Amino acid sequence: MYDCIVCGSGFAGSVSANILASKYDKKVLIIEKRGHIGGNCFDCIDENGILIHKYGPHLFHTSNKKVWEYLSRFTQWDKYEHKVLCSIDGQNVPIPFNLNTIEQIFEPQKAKKLQEKLLESYELNSKVPILELKKSDDVDLQFLADFIYEKVFVNYTAKQWGMKPSELDSAVTARVPVFVGRDNRYFNDEYQAVPKDGYTKLFENLLNHPNIKVVLNTDFKDMVTIRDNKFYLNGKKFKGKVIYTGMIDELFDYKFGELPYRSVDMRFESIDKEFFQAGATINYPNEHNFTRITEFKHIHPIKSDKTTILKEYPQNYVKGENTAYYPIFTDDNQKRYNQYVEYSRKFDDLVLIGRLAEYKYYDMDDVVERVLDIAKEVEL
Ligand SMILES: Cc1cc2nc3c(=O)[nH]c(=O)nc-3n(C[C@H](O)[C@H](O)[C@H](O)COP(=O)(O)OP(=O)(O)OC[C@H]3O[C@@H](n4cnc5c(N)ncnc54)[C@H](O)[C@@H]3O)c2cc1C
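In what follows, the accompanying structure is described. Per-chain numbering applies: the sequence of each chain, read as written, is numbered from 1 onward. Note on the predicted model: pLDDT of at least 70 is required for a residue's local features to be given, and 80 or more for side-chain atom pairs to be given and counted; whole-chain, interface and lining totals, by contrast, use all residues. For side-chain calculations, the full set of non-hydrogen atoms in the structure is used, while hydrogens and water are omitted.

1. Notes on the packing of helix H4 (residues 108–121) against helix H6 (residues 139–161)
Working step 1: Fitted lines through C-alpha atoms serve as axes, helices being fitted only where they are in contact, and the angles separating the N-to-C directions of these axes extend from 0 to 180 degrees. Here a helix means four or more residues in a row that DSSP labels H or I, a strand means two or more in a row labelled E, and each is numbered from the N terminus. Interhelical geometry of H4 versus H6 gives an angle of 105° and a closest axis separation of 9 Å. What the angle tells us is that H4 and H6 run roughly perpendicular. Judged by residue contacts, Lys 110, Lys 113, Leu 114, Lys 117, Leu 118 and Ser 121 of H4 engage Asp 140, Leu 141, Phe 143 and Leu 144 from H6.
Working step 2: Polarity classes work like this: nonpolar for Ala, Val, Leu, Ile, Met, Phe, Trp, Tyr, Cys and Pro, charged for Asp, Glu, Lys and Arg, and polar for all others, with Gly in that last group. Here the contact of H4 with H6 is built from residues that sort into five nonpolar, one polar and four charged. In this scheme, roughly parallel covers angles under 35 degrees and roughly antiparallel covers those over 145, while 65 to 115 is roughly perpendicular and the rest are oblique. In what follows, residue pairs with any heavy atoms lying within 4.5 Å of each other are defined as contacts.

2. Digging into helix H11 (residues 331–344)
Helical periodicity: at 3.6 residues per turn, an α-helix aligns residues three or four positions apart in one direction.
Working step 1: The end-to-end C-alpha distance of H11 is 20 Å, a good match for the 20 Å that 14 residues give at a rise of 1.5 Å each.
Working step 2: Only protein chains enter the area calculation, which uses a 1.4 Å probe; residues under 20% of their type maximum are buried, those over 50% are exposed, and those in between are partly exposed. Every buried residue of H11 is accounted for by Asn 333, Tyr 337, Tyr 340, Val 341, Tyr 343 and Ser 344. Along H11, the residues classed as buried sweep out an arc of 160° about the axis, all on the same side. Summarising the geometry of H11, the exposed residues directed more than 90 degrees from the buried face are Asp 331, Asp 332 and Lys 335.
Working step 3: Those residues of H11 that are buried are in contact with helix H10 (248–251) and strand E22 (350–352). Given the number of residues in a helix, its expected span is that number minus one, multiplied by 1.5 Å. Our arc is simply the arc of the directions from the helix axis toward the C-beta atoms.

3. As for unusual backbone geometry
Working step 1: The omega torsion of the bond from Ile 95 to Pro 96 falls at -5°, within 30 degrees of zero and hence cis.
Working step 2: Within the fold, Pro 96 resides in the loop between strand E8 (91–95) and helix H3 (99–105).
Working step 3: Located in the positive-phi region is Asp 89, a residue other than glycine, with phi close to 45°.
Working step 4: Checked against the element boundaries, Asp 89 lands in the loop between strand E7 (84–88) and E8.
Working step 5: Accessibility expressed as a relative area gives 61% for Asp 89, which makes it exposed.
Working step 6: One non-glycine residue, His 288, lies in positive phi territory at about 65°.
Working step 7: Looking at the secondary structure, you find His 288 in the loop between strand E18 (281–283) and strand E19 (292–295).
Working step 8: Given the relative accessible area of 46%, His 288 is considered partly exposed.

4. Quick notes on the packing of aromatic side chains
Working step 1: Stacked, tilted and edge-to-face pairs are distinguished by plane angle, under 30 degrees for stacked and over 60 for edge-to-face with tilted covering the rest, among Phe, Tyr and Trp rings (Trp via its six-membered ring) whose centres lie within 6.5 Å. Under the criterion given, the structure shown has 30 aromatic pairs.
Working step 2: Seen in terms of ring centroids, Phe 256 and Tyr 340 are 5.0 Å apart; in terms of plane orientation they differ by 75°. Their pairing is edge-to-face. Within this pair, whereas Phe 256 is found in the loop between H10 and strand E17 (261–271), its partner Tyr 340 is found in helix H11, the two being separated by 84 residues in sequence.
Working step 3: Residue classification places Tyr 340 among the buried residues on the basis of a relative accessible area of 0%.
Working step 4: Each ring, one from Tyr 325 and one from Tyr 326, has its centre 6.4 Å from the other, and the planes form 50°; the classification is tilted.
Working step 5: Using a relative accessible area of 7% as the deciding quantity, one classes Tyr 325 as buried.
Working step 6: Overall, the relative accessible area of 15% leaves Tyr 326 in the buried class.
Working step 7: Linked through ring pairs, Phe 220, Phe 231, Tyr 244, Phe 252, Phe 256, Tyr 340, Tyr 343 and Phe 347 together constitute an aromatic cluster.

Here's what the structure looks like:
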(Lines give C-alpha, C1' and ligand atoms only; values in the text may rest on other atoms or scores of the structure.)
Protein backbone atom coordinates (compact mmCIF):
# COMPACT_ATOMS: atom_id res chain seq x y z
CA MET A 1 0.00 0.00 0.00
CA TYR A 2 2.90 2.39 0.75
CA ASP A 3 6.07 2.85 -1.29
CA CYS A 4 7.99 4.65 1.47
CA ILE A 5 7.87 5.13 5.21
CA VAL A 6 9.06 8.38 6.77
CA CYS A 7 9.75 8.56 10.49
CA GLY A 8 9.19 12.12 11.78
CA SER A 9 7.43 15.18 10.36
CA GLY A 10 10.03 17.91 10.98
CA PHE A 11 11.73 19.58 8.02
CA ALA A 12 13.76 16.43 7.25
CA GLY A 13 10.69 14.17 7.14
CA SER A 14 8.20 16.60 5.62
CA VAL A 15 10.42 17.80 2.77
CA SER A 16 11.36 14.17 2.01
CA ALA A 17 7.70 13.17 1.96
CA ASN A 18 6.78 16.09 -0.26
CA ILE A 19 9.46 15.23 -2.83
CA LEU A 20 8.63 11.51 -2.77
CA ALA A 21 4.92 12.20 -3.26
CA SER A 22 4.97 15.06 -5.72
CA LYS A 23 8.10 14.40 -7.77
CA TYR A 24 8.20 10.59 -7.80
CA ASP A 25 4.49 9.87 -7.31
CA LYS A 26 5.22 7.57 -4.33
CA LYS A 27 2.69 6.69 -1.65
CA VAL A 28 4.18 7.85 1.63
CA LEU A 29 3.36 6.97 5.22
CA ILE A 30 4.67 9.43 7.83
CA ILE A 31 4.83 8.14 11.39
CA GLU A 32 5.09 10.94 13.96
CA LYS A 33 5.25 10.29 17.68
CA ARG A 34 4.08 13.76 18.73
CA GLY A 35 0.50 14.97 18.47
CA HIS A 36 1.41 17.49 15.75
CA ILE A 37 3.48 17.89 12.60
CA GLY A 38 6.48 20.22 12.17
CA GLY A 39 9.02 18.75 14.60
CA ASN A 40 10.78 21.39 16.65
CA CYS A 41 9.59 24.15 14.32
CA PHE A 42 5.97 23.68 15.41
CA ASP A 43 4.19 26.93 16.33
CA CYS A 44 0.68 27.73 17.55
CA ILE A 45 -1.48 30.61 18.80
CA ASP A 46 -1.49 30.80 22.61
CA GLU A 47 -4.14 32.06 25.05
CA ASN A 48 -3.00 35.67 24.45
CA GLY A 49 -3.59 35.31 20.70
CA ILE A 50 0.18 35.39 20.12
CA LEU A 51 1.98 33.03 17.74
CA ILE A 52 4.54 31.15 19.85
CA HIS A 53 7.22 28.62 18.91
CA LYS A 54 6.64 25.70 21.26
CA TYR A 55 10.18 24.34 21.06
CA GLY A 56 12.09 27.62 21.24
CA PRO A 57 12.42 30.61 18.91
CA HIS A 58 12.92 29.63 15.26
CA LEU A 59 14.17 32.34 12.93
CA PHE A 60 14.57 31.40 9.32
CA HIS A 61 17.73 32.63 7.62
CA THR A 62 19.60 31.37 4.58
CA SER A 63 21.87 32.41 1.77
CA ASN A 64 20.82 29.39 -0.25
CA LYS A 65 18.55 30.59 -3.07
CA LYS A 66 17.49 27.04 -3.94
CA VAL A 67 16.23 26.42 -0.38
CA TRP A 68 14.53 29.80 -0.25
CA GLU A 69 12.73 29.25 -3.56
CA TYR A 70 11.72 25.71 -2.65
CA LEU A 71 10.14 26.75 0.67
CA SER A 72 8.54 29.82 -0.91
CA ARG A 73 6.28 27.42 -2.82
CA PHE A 74 4.64 26.52 0.52
CA THR A 75 4.49 29.83 2.35
CA GLN A 76 4.54 33.57 2.00
CA TRP A 77 7.01 35.30 4.28
CA ASP A 78 7.14 38.23 6.67
CA LYS A 79 10.54 39.88 6.51
CA TYR A 80 12.15 39.52 9.91
CA GLU A 81 15.75 40.26 10.87
CA HIS A 82 16.62 38.86 14.27
CA LYS A 83 18.53 40.98 16.76
CA VAL A 84 19.78 39.71 20.10
CA LEU A 85 20.67 41.78 23.12
CA CYS A 86 22.90 40.55 25.91
CA SER A 87 22.71 41.61 29.52
CA ILE A 88 26.21 42.69 30.63
CA ASP A 89 26.74 44.45 33.96
CA GLY A 90 23.18 45.71 34.01
CA GLN A 91 22.90 47.02 30.45
CA ASN A 92 21.55 45.38 27.32
CA VAL A 93 24.02 45.46 24.41
CA PRO A 94 23.87 44.01 20.88
CA ILE A 95 25.48 40.64 20.15
CA PRO A 96 27.35 39.21 18.30
CA PHE A 97 29.73 41.64 20.01
CA ASN A 98 30.45 44.31 17.38
CA LEU A 99 31.78 47.86 16.99
CA ASN A 100 28.53 49.33 18.34
CA THR A 101 28.70 47.06 21.39
CA ILE A 102 32.23 48.28 22.11
CA GLU A 103 31.00 51.91 22.03
CA GLN A 104 28.15 51.12 24.38
CA ILE A 105 30.34 49.36 26.95
CA PHE A 106 33.68 51.17 27.10
CA GLU A 107 34.46 54.84 27.65
CA PRO A 108 35.03 56.75 24.34
CA GLN A 109 38.85 56.72 24.20
CA LYS A 110 39.14 53.07 25.07
CA ALA A 111 36.35 52.18 22.63
CA LYS A 112 38.06 54.06 19.78
CA LYS A 113 41.36 52.29 20.42
CA LEU A 114 39.74 48.85 20.47
CA GLN A 115 37.80 49.55 17.29
CA GLU A 116 40.93 50.73 15.49
CA LYS A 117 42.91 47.68 16.58
CA LEU A 118 40.17 45.34 15.41
CA LEU A 119 39.94 47.07 12.03
CA GLU A 120 43.75 46.97 11.64
CA SER A 121 43.86 43.23 12.28
CA TYR A 122 40.74 41.98 10.55
CA GLU A 123 38.70 42.86 7.51
CA LEU A 124 35.65 45.10 7.88
CA ASN A 125 32.50 43.01 8.29
CA SER A 126 34.43 39.83 9.03
CA LYS A 127 33.52 37.45 11.81
CA VAL A 128 36.31 36.44 14.16
CA PRO A 129 35.71 33.42 16.42
CA ILE A 130 36.18 34.38 20.02
CA LEU A 131 38.89 31.76 20.59
CA GLU A 132 40.91 33.12 17.66
CA LEU A 133 40.81 36.65 19.09
CA LYS A 134 42.02 35.28 22.40
CA LYS A 135 45.22 34.07 20.69
CA SER A 136 46.13 37.56 19.38
CA ASP A 137 49.56 39.08 20.32
CA ASP A 138 48.12 42.57 20.80
CA VAL A 139 47.45 43.39 24.48
CA ASP A 140 44.34 45.48 23.72
CA LEU A 141 42.80 42.77 21.57
CA GLN A 142 43.67 40.22 24.24
CA PHE A 143 41.92 42.42 26.78
CA LEU A 144 38.86 42.61 24.51
CA ALA A 145 38.94 38.85 23.94
CA ASP A 146 39.14 38.18 27.69
CA PHE A 147 36.32 40.64 28.36
CA ILE A 148 34.01 39.02 25.82
CA TYR A 149 35.08 35.56 26.90
CA GLU A 150 34.25 36.28 30.56
CA LYS A 151 31.14 38.43 30.15
CA VAL A 152 29.42 36.93 27.10
CA PHE A 153 30.76 33.51 26.40
CA VAL A 154 32.03 31.37 29.24
CA ASN A 155 29.04 31.32 31.59
CA TYR A 156 26.51 31.15 28.77
CA THR A 157 28.35 28.17 27.29
CA ALA A 158 28.61 26.48 30.69
CA LYS A 159 24.86 26.93 31.21
CA GLN A 160 23.92 25.92 27.69
CA TRP A 161 26.09 22.82 27.47
CA GLY A 162 26.70 21.92 31.11
CA MET A 163 30.44 21.78 30.37
CA LYS A 164 33.49 24.02 30.01
CA PRO A 165 34.14 25.50 26.53
CA SER A 166 37.46 23.60 26.33
CA GLU A 167 35.59 20.28 26.63
CA LEU A 168 33.48 21.05 23.58
CA ASP A 169 34.33 20.64 19.93
CA SER A 170 35.69 23.86 18.37
CA ALA A 171 32.70 23.80 15.98
CA VAL A 172 30.58 24.96 18.93
CA THR A 173 32.93 27.68 20.10
CA ALA A 174 33.44 28.84 16.52
CA ARG A 175 29.74 29.66 16.45
CA VAL A 176 30.42 32.55 18.84
CA PRO A 177 31.98 35.32 16.79
CA VAL A 178 33.05 38.93 17.22
CA PHE A 179 31.69 40.94 14.33
CA VAL A 180 34.11 43.55 12.99
CA GLY A 181 31.39 45.90 11.77
CA ARG A 182 28.28 47.81 12.78
CA ASP A 183 25.57 45.38 11.71
CA ASN A 184 23.50 44.59 14.81
CA ARG A 185 21.63 41.75 13.14
CA TYR A 186 22.20 38.30 14.57
CA PHE A 187 22.45 36.70 11.11
CA ASN A 188 23.93 38.14 7.92
CA ASP A 189 22.18 35.87 5.43
CA GLU A 190 20.54 37.24 2.30
CA TYR A 191 17.12 35.80 3.11
CA GLN A 192 15.76 36.35 6.63
CA ALA A 193 12.07 35.90 7.41
CA VAL A 194 9.37 34.02 9.25
CA PRO A 195 6.49 32.23 7.51
CA LYS A 196 3.55 34.65 7.20
CA ASP A 197 1.02 32.20 8.63
CA GLY A 198 3.50 30.35 10.84
CA TYR A 199 5.67 27.27 10.45
CA THR A 200 2.84 24.81 11.13
CA LYS A 201 0.90 26.13 8.15
CA LEU A 202 4.02 25.77 6.01
CA PHE A 203 4.23 22.11 7.09
CA GLU A 204 0.52 21.57 6.39
CA ASN A 205 1.14 22.82 2.86
CA LEU A 206 4.20 20.58 2.43
CA LEU A 207 2.18 17.54 3.48
CA ASN A 208 -1.06 18.41 1.73
CA HIS A 209 -0.85 15.78 -1.00
CA PRO A 210 -3.13 12.83 -1.76
CA ASN A 211 -0.11 10.47 -1.72
CA ILE A 212 0.86 11.40 1.86
CA LYS A 213 -0.69 9.91 4.96
CA VAL A 214 0.38 11.18 8.38
CA VAL A 215 -0.15 9.10 11.51
CA LEU A 216 0.30 11.16 14.69
CA ASN A 217 0.86 10.08 18.32
CA THR A 218 2.58 6.92 17.12
CA ASP A 219 6.15 5.83 17.66
CA PHE A 220 7.94 4.43 14.61
CA LYS A 221 8.54 1.17 16.46
CA ASP A 222 4.80 0.80 17.19
CA MET A 223 4.31 0.13 13.47
CA VAL A 224 7.72 -0.92 12.22
CA THR A 225 9.88 -3.77 13.46
CA ILE A 226 13.37 -4.78 12.40
CA ARG A 227 14.45 -8.40 11.81
CA ASP A 228 17.61 -9.58 10.01
CA ASN A 229 18.34 -6.05 8.82
CA LYS A 230 14.94 -5.75 7.15
CA PHE A 231 11.97 -3.55 8.03
CA TYR A 232 8.47 -4.94 8.68
CA LEU A 233 5.43 -2.65 8.55
CA ASN A 234 2.63 -3.97 10.79
CA GLY A 235 4.29 -7.41 10.63
CA LYS A 236 4.68 -7.52 6.81
CA LYS A 237 8.06 -7.26 5.12
CA PHE A 238 8.44 -3.72 3.74
CA LYS A 239 10.09 -3.42 0.34
CA GLY A 240 10.33 0.36 -0.12
CA LYS A 241 12.58 3.08 1.25
CA VAL A 242 12.59 4.04 4.93
CA ILE A 243 13.48 7.67 5.60
CA TYR A 244 14.37 7.90 9.26
CA THR A 245 14.68 11.32 10.94
CA GLY A 246 14.55 10.20 14.59
CA MET A 247 17.47 9.38 16.89
CA ILE A 248 19.87 6.90 15.30
CA ASP A 249 20.81 5.25 18.64
CA GLU A 250 17.14 4.65 19.44
CA LEU A 251 16.55 3.08 16.01
CA PHE A 252 19.24 0.48 16.72
CA ASP A 253 18.20 -0.11 20.34
CA TYR A 254 21.26 1.67 21.74
CA LYS A 255 23.50 -1.23 20.74
CA PHE A 256 26.63 0.99 20.87
CA GLY A 257 25.36 3.03 23.84
CA GLU A 258 23.39 6.27 24.10
CA LEU A 259 24.35 9.39 22.18
CA PRO A 260 24.19 12.30 24.64
CA TYR A 261 22.05 15.36 24.01
CA ARG A 262 21.34 18.60 25.76
CA SER A 263 17.72 19.39 26.51
CA VAL A 264 15.94 22.62 27.47
CA ASP A 265 13.07 23.18 29.85
CA MET A 266 10.95 25.70 27.90
CA ARG A 267 8.91 27.80 30.35
CA PHE A 268 6.35 30.18 28.85
CA GLU A 269 4.91 33.04 30.91
CA SER A 270 1.97 35.29 30.18
CA ILE A 271 2.65 38.88 31.25
CA ASP A 272 -0.05 41.46 31.91
CA LYS A 273 1.45 44.32 29.92
CA GLU A 274 1.85 45.23 26.29
CA PHE A 275 5.59 44.59 26.06
CA PHE A 276 8.03 42.95 28.46
CA GLN A 277 11.45 43.74 26.96
CA ALA A 278 13.19 45.89 24.33
CA GLY A 279 13.70 43.19 21.68
CA ALA A 280 12.87 39.64 20.61
CA THR A 281 15.64 37.91 22.54
CA ILE A 282 17.80 38.95 25.48
CA ASN A 283 20.60 36.64 26.59
CA TYR A 284 21.58 36.36 30.25
CA PRO A 285 25.05 34.80 30.39
CA ASN A 286 25.81 35.71 34.00
CA GLU A 287 22.53 36.05 35.87
CA HIS A 288 19.71 33.54 36.41
CA ASN A 289 19.51 29.83 35.64
CA PHE A 290 17.92 30.43 32.24
CA THR A 291 20.01 31.40 29.21
CA ARG A 292 17.66 33.76 27.43
CA ILE A 293 14.21 35.31 27.29
CA THR A 294 12.32 35.55 24.02
CA GLU A 295 9.24 37.71 23.59
CA PHE A 296 7.25 36.43 20.61
CA LYS A 297 5.35 39.65 19.89
CA HIS A 298 8.57 41.13 18.52
CA ILE A 299 8.76 38.27 15.99
CA HIS A 300 5.06 38.08 15.10
CA PRO A 301 3.62 41.56 15.81
CA ILE A 302 0.06 41.70 17.10
CA LYS A 303 -1.93 44.28 19.08
CA SER A 304 -2.71 42.93 22.52
CA ASP A 305 -2.64 44.11 26.16
CA LYS A 306 -0.76 40.99 27.12
CA THR A 307 2.49 39.46 26.02
CA THR A 308 4.09 36.01 26.13
CA ILE A 309 7.70 35.33 27.00
CA LEU A 310 9.79 32.16 27.02
CA LYS A 311 12.62 31.43 29.45
CA GLU A 312 14.97 28.62 28.43
CA TYR A 313 16.52 26.48 31.17
CA PRO A 314 19.11 24.10 29.68
CA GLN A 315 19.33 20.66 31.26
CA ASN A 316 20.70 17.19 30.53
CA TYR A 317 18.67 15.05 28.22
CA VAL A 318 17.21 12.03 30.00
CA LYS A 319 15.63 9.33 27.87
CA GLY A 320 11.84 9.20 28.33
CA GLU A 321 11.75 12.34 30.48
CA ASN A 322 12.48 15.34 28.26
CA THR A 323 13.28 16.27 24.66
CA ALA A 324 16.62 15.75 22.90
CA TYR A 325 17.47 19.15 21.40
CA TYR A 326 21.18 19.60 20.84
CA PRO A 327 23.72 16.85 19.98
CA ILE A 328 26.80 17.25 22.19
CA PHE A 329 29.93 17.41 20.05
CA THR A 330 32.90 15.60 21.53
CA ASP A 331 35.32 13.19 19.87
CA ASP A 332 33.92 10.25 21.85
CA ASN A 333 30.35 11.01 20.85
CA GLN A 334 31.35 11.36 17.21
CA LYS A 335 33.09 7.97 17.33
CA ARG A 336 29.99 6.37 18.80
CA TYR A 337 27.84 8.01 16.14
CA ASN A 338 30.18 6.68 13.43
CA GLN A 339 29.65 3.15 14.78
CA TYR A 340 25.92 3.56 14.25
CA VAL A 341 26.43 4.89 10.74
CA GLU A 342 28.67 1.93 9.89
CA TYR A 343 26.02 -0.44 11.23
CA SER A 344 23.27 1.32 9.25
CA ARG A 345 25.03 0.32 5.99
CA LYS A 346 23.65 -3.20 6.46
CA PHE A 347 20.22 -1.77 5.56
CA ASP A 348 19.83 -1.30 1.82
CA ASP A 349 16.83 1.00 1.77
CA LEU A 350 17.42 3.07 4.86
CA VAL A 351 18.08 6.81 4.49
CA LEU A 352 19.10 8.73 7.61
CA ILE A 353 18.44 12.46 7.45
CA GLY A 354 18.14 15.31 9.91
CA ARG A 355 19.42 16.64 13.17
CA LEU A 356 18.71 13.50 15.22
CA ALA A 357 19.49 10.84 12.63
CA GLU A 358 22.75 12.51 11.60
CA TYR A 359 23.62 13.77 15.10
CA LYS A 360 24.44 17.22 13.74
CA TYR A 361 23.52 20.77 14.60
CA TYR A 362 21.54 21.67 11.52
CA ASP A 363 19.72 24.94 11.06
CA MET A 364 16.40 24.70 9.23
CA ASP A 365 17.87 25.71 5.89
CA ASP A 366 20.70 23.15 6.30
CA VAL A 367 18.16 20.36 6.74
CA VAL A 368 16.14 21.43 3.71
CA GLU A 369 19.31 21.72 1.64
CA ARG A 370 20.42 18.28 2.80
CA VAL A 371 17.11 16.71 1.75
CA LEU A 372 17.16 18.44 -1.64
CA ASP A 373 20.73 17.16 -2.20
CA ILE A 374 20.01 13.62 -0.99
CA ALA A 375 16.89 13.53 -3.16
CA LYS A 376 19.15 13.84 -6.20
CA GLU A 377 21.73 11.32 -4.92
CA VAL A 378 19.45 8.47 -3.91
CA GLU A 379 16.40 9.28 -6.02
CA LEU A 380 14.33 9.72 -2.90
C1 LIG B 1 15.78 25.61 20.77
C2 LIG B 1 16.08 25.53 19.30
C3 LIG B 1 16.08 26.69 18.54
C4 LIG B 1 16.36 26.63 17.18
N5 LIG B 1 16.36 27.79 16.47
C6 LIG B 1 16.63 27.76 15.15
C7 LIG B 1 16.61 28.97 14.39
O8 LIG B 1 16.37 30.06 14.91
N9 LIG B 1 16.88 28.89 13.07
C10 LIG B 1 17.16 27.70 12.44
O11 LIG B 1 17.39 27.70 11.22
N12 LIG B 1 17.17 26.54 13.14
C13 LIG B 1 16.90 26.53 14.47
N14 LIG B 1 16.90 25.36 15.19
C15 LIG B 1 17.17 24.10 14.48
C16 LIG B 1 15.89 23.47 13.90
O17 LIG B 1 14.99 23.15 14.94
C18 LIG B 1 16.28 22.20 13.14
O19 LIG B 1 17.12 22.52 12.08
C20 LIG B 1 15.11 21.43 12.56
O21 LIG B 1 14.08 21.28 13.47
C22 LIG B 1 15.61 20.05 12.13
O23 LIG B 1 14.58 19.31 11.55
P24 LIG B 1 14.55 17.75 11.69
O25 LIG B 1 13.42 17.28 10.86
O26 LIG B 1 15.90 17.18 11.44
O27 LIG B 1 14.30 17.46 13.25
P28 LIG B 1 13.03 17.71 14.17
O29 LIG B 1 12.44 19.03 13.92
O30 LIG B 1 13.48 17.39 15.55
O31 LIG B 1 11.99 16.61 13.69
C32 LIG B 1 12.11 15.24 14.01
C33 LIG B 1 10.71 14.67 14.15
O34 LIG B 1 10.79 13.25 14.27
C35 LIG B 1 9.89 12.82 15.27
N36 LIG B 1 10.39 11.55 15.80
C37 LIG B 1 11.58 11.33 16.38
N38 LIG B 1 11.69 10.02 16.74
C39 LIG B 1 10.54 9.42 16.38
C40 LIG B 1 10.05 8.09 16.49
N41 LIG B 1 10.78 7.13 17.05
N42 LIG B 1 8.82 7.82 16.01
C43 LIG B 1 8.06 8.80 15.43
N44 LIG B 1 8.47 10.08 15.31
C45 LIG B 1 9.69 10.38 15.77
C46 LIG B 1 9.94 13.95 16.30
O47 LIG B 1 8.80 13.93 17.13
C48 LIG B 1 10.00 15.17 15.41
O49 LIG B 1 8.71 15.63 15.06
C50 LIG B 1 16.66 25.38 16.56
C51 LIG B 1 16.66 24.23 17.32
C52 LIG B 1 16.38 24.28 18.68
C53 LIG B 1 16.42 23.02 19.49
